[in-house]
Amino acid sequence: GENVEQHPSTLSVQEGDSAVIKCTYSDSASNYFPWYKQELGKRPQLIIDIRSNVGEKKDQRIAVTLNKTAKHFSLHITETQPEDSAVYFCAASIIAGTYKYIFGTGTRLKVLA
Amino acid sequence: NAGVTQTPKFRILKIGQSMTLQCTQDMNHNYMYWYRQDPGMGLKLIYYSVGAGITDKGEVPNGYNVSRSTTEDFPLRLELAAPSQTSVYFCASSSGVGANVLTFGAGSRLTVL
């Protein structure tokens, strides 16, 4: 069935360094890939997303890249700050399809001051 | 504009008991979803609905039931609670248009003893 794999499960970086989280999806029909940030005890919130007709999207310190051929996409956070510490989830979905999202298992990012 | 509201926030059930998690949204969204999040794991889709009167199973529907009698409400029913249903439950909604961004509720933490 449809599956999204996410790596690594935990990631520790020094403040100011970059962090990269990678996801691979199985359904070639997927065409929408959002990233959610979940702070401890809070609800997941969308931080950035990308559609399959775009290879890269950037929003200040956050960027997402997509490789449709390899079926993988990545989240890049530059100049990390302590407030970036959270669990990050990738997801894959099909626009104008069933709108079901398949989520990755999450990456716990710790930014060390 | 409250967004997605879930009740209760916390609940402890005994094995075999039943209960309903309530979810309501005031954004006139067509799509609604129920996810469960086990510790250290990602979000698993239980059920979803594309509109009033229409529901469909997600990845992990066993032990749950849903109904969608109105656009606003999407309750999740647990029958004969089991320890395996101990989890945090998130309700979410989306417009079903364009990028179809998910908006999550604050979550309901359920413990079955």
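Structure shown above.
On a predicted model such as this, the values are computed, not experimentally measured, just so you know.

What counts, and where the lines are drawn
Residues numbered from 1 in each chain as written. Chains lettered and ligands numbered in written order. Predicted model: local features only at pLDDT ≥ 70, side-chain atom pairs only at ≥ 80, totals over all residues. Heavy atoms only, no water. Pairing = 2+ DSSP bridges. Helix = DSSP H or I, 4+ residues; strand = E, 2+ residues; numbered from the N terminus. Axes fitted to C-alpha atoms, helices over the stretch in contact; angles between N-to-C directions. Contact = heavy atoms within 4.5 Å. Buried area = accessible area lost by both parts, 1.4 Å probe. Salt bridge = Lys/Arg side-chain N within 4 Å of Asp/Glu carboxyl O. Polar contact = N/O pair within 3.5 Å; in protein donor to acceptor, adjacent residues only side chain to side chain. Nonpolar A, V, L, I, M, F, W, Y, C, P; charged D, E, K, R; others polar.

Asks: What is the right way to look at the sheet that holds strand S7 (residues 64–66) of chain B in this model?
Replies: Note on sheets: strands pair through backbone hydrogen bonds, and any given pair is parallel or antiparallel. All names here are of chain B. Strand order in the open sheet made by the 4 strands is S1-S3-S8-S7, with antiparallel pairing throughout. Whereas interior strands pair on both sides, the edge strands pair on one side only; in this sheet they are strand S1 (4–7) and S7. Looking at each pair of strands side by side, their axes are set apart by 20° on average, direction ignored.

Asks: I tried to follow the interface of chain B and chain A on my own but got confused; where do I start?
Replies: Across the contact, 23 residues belong to chain B and 20 residues belong to chain A. Where chain B abuts chain A, roughly 1800 Å² becomes buried across the two surfaces, and 57% of that area is made up of carbon and sulfur atoms. Counting across the interface, chain B meets chain A through 0 salt bridges. Run the count over chain B and chain A and you get 3 residue pairs in polar contact (both at pLDDT 80 or more). Put simply, the parts of the chain that give the side of chain B that touches chain A at least two residues each are strand S4 (31–37) and strand S5 (43–51) of chain B. It is S4(B) that contributes the most residues to the side of chain B that touches chain A, 4 residues altogether. Residues of the side of chain B that touches chain A, tallied by class, amount to 15 nonpolar, 7 polar and 1 charged.

Nothing here speaks to function; it is geometry throughout.
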